[in-house]
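# Examination of the molecular architecture
Spelled out, the chains give:
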Amino acid sequence: MTKPLSSIPVFFQPDMAANAGSFSPSAGKPPFVVADWRAHGLPIEVRRFDPVDEDTLALAHDRDYVRGVLRGEITNGFGNKRPSVAATLRHTTGAMLAAAEAALDNRRVACAPVSGFHHADHAEAAGFCTFNGLMVTALALKLDDKVSDVGILDLDQHWGDGTDAIMRKLGTPWIQHHTAGRDHPGPEDAEDYLDKLPDLVRGFIDCGILLYQAGADAHVNDPLGGWMTDEQLARRDRIVFETAAEMGLPVAWNLAGGYLLDRDGGIGPVLAIHRRTMQACADVHVGVRANGPVGSRA
């Protein structure tokens, strides 16, 4: 195992957030997530990055679709054509690609605090997803000879149907994709799934990197989710990070999903889930908790 990190690289800049005018908070969530991590003293290092260009997005998507969305001529994943949303899209995928490159460099982990990837098809937006940053990242890494094989571990509540569709369209046998939502899991499946998760992660042993979607909407109380408790989600994340680290498998992870609101209509419950994911990441790769070393009760 490589030397622990002093902090978790987080690829964030304000350009990646917008008000999408949608039920989904994902487009506006990144700054609140990063602020929450900072407020709780989590060991993160925020880094800037370059947005991807149209050519890079076109690795996974129809070029006319890419141009139409970015110009506000084609509906995005939020069901509108807002220029403010279009302006974020090269940045959200850029963050995922930058996180993957950083994880390959440090041989451990990096984070892109973004959502909205896995329902996006080759030439169509769906389910709050416009461009499939997972597939764009995998294809860009392959094109640059940075990896031979890529793993995608999608633990969002919902089926990553767009990822599957693009893989079929382009023919990518070198991408290994597991999407938990394909089997529509329920609370009765959670413990058995967690028991099997270490072996599932070990199944990516031949991959050069693992792209991990840590979906918050898998929470049992999420209005669009429903199968894991707070404790089970925290254990899920710990298993993924710990098992991959034991394998020496670099992980680039993103947020995904999360629609649970508090009594005042705020996204505090979603922020708490994402906070526990970052805490699990830090516990494995940095070895500190928010208020002290691992095991501290402070």
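Okay, so let's go over this structure. All of these numbers come straight from a predicted model, not from anything done at the bench.

### Observations concerning the nonpolar core
In terms of nonpolar packing, the biggest core is built from 91 residues, with Trp 37, Ile 209, Leu 211, Tyr 212, Phe 241, Trp 253 and Met 278 touching the most fellow members. Per-element tally for this core: the top contributor is helix H4 (residues 83-106), with ten residues. When near neighbours in sequence (up to four residues on either side) are disregarded, Tyr 212 contacts Leu 153, Leu 155, Arg 236, Asp 237, Val 240, Phe 241, Val 251, Ala 252, Trp 253 and Asn 254.

### Structural notes on the packing of H4 against helix H5 (residues 133-143)
Look at H4 against H5: their axes get within 9 Å of each other, and the N-to-C directions meet at 45°. With respect to each other, H4 and H5 are oriented oblique. Seen from above, H4 lies across H5 with right-handed handedness. On H5, the residues touching Thr 93, Met 96, Leu 97, Ala 100, Glu 101 and Leu 104 of H4 are Gly 133, Leu 134, Val 136, Thr 137, Ala 140 and Leu 141. A breakdown of the residues in the contact of H4 with H5 according to their chemical character gives eight nonpolar, three polar and one charged.

### Looking at the side chain of His 285
Within the element layout of this structure, His 285 appears in helix H9 (residues 268-285). Each residue touching His 285, except ones within four places of it in the same chain, is listed here: Pro 4, Leu 5, Ile 8, Arg 108, Val 109, Phe 241 and Ala 245.

### Some details on H5
The buried fraction of H5 is high, at nine of eleven residues. Residues Gly 133, Leu 134, Met 135, Val 136, Thr 137, Ala 138, Leu 139, Ala 140 and Leu 141 constitute the buried set of H5. One or two steps after H5, the chain reaches Asp 145, where phi turns positive at roughly 60°.

### Observations regarding the pairing of strand E4 (residues 150-154)
Of all five residues in E4, five are buried; the element is thus mostly enclosed. Burial along E4 is two-sided: the face carrying Val 150, Ile 152 and Asp 154 and the face carrying Gly 151 and Leu 153 are both buried. One ladder, built from five bridges, connects E4 with strand E5 (residues 175-179); its direction is parallel. Bridge pairing in E5 links Asp 154 to Thr 179. In this fold, the crossover linking E4 to E5 by way of helix H6 (residues 161-170) has right-handed handedness. The pairing of E4 with strand E6 (residues 209-213) spans five bridges and is parallel.

### With respect to unusual backbone geometry
In this structure, His 184 takes a positive phi of about 50° despite not being glycine. Following the sequence through the fold, His 184 ends up in the loop between E5 and helix H7 (190-202). The phi torsion at Ala 256 lies on the positive side, around 65°, for a residue other than glycine. By the element assignment, Ala 256 lies in the loop between strand E7 (251-254) and H9. Given the relative accessible area of 3%, Ala 256 is considered buried.

Conventions and cut-offs
- Residues numbered from 1 in each chain as written.
- Predicted model: local features only at pLDDT ≥ 70, side-chain atom pairs only at ≥ 80, totals over all residues.
- Heavy atoms only, no water.
- Core = buried A, V, L, I, M, F, W, Y, C linked by side-chain atoms within 4.5 Å.
- Buried < 20%, exposed > 50% of the residue type's maximum accessible area, 1.4 Å probe, protein only.
- Helix = DSSP H or I, 4+ residues; strand = E, 2+ residues; numbered from the N terminus.
- Contact = heavy atoms within 4.5 Å.
- Axes fitted to C-alpha atoms, helices over the stretch in contact; angles between N-to-C directions.
- Parallel < 35°, antiparallel > 145°, perpendicular 65-115°, else oblique.
- Left-handed = near helix turned anticlockwise from the far one by under 90°.
- Nonpolar A, V, L, I, M, F, W, Y, C, P; charged D, E, K, R; others polar.
- Pairing = 2+ DSSP bridges.
- Right-handed = clockwise from strand over helix to strand, strands pointing away.

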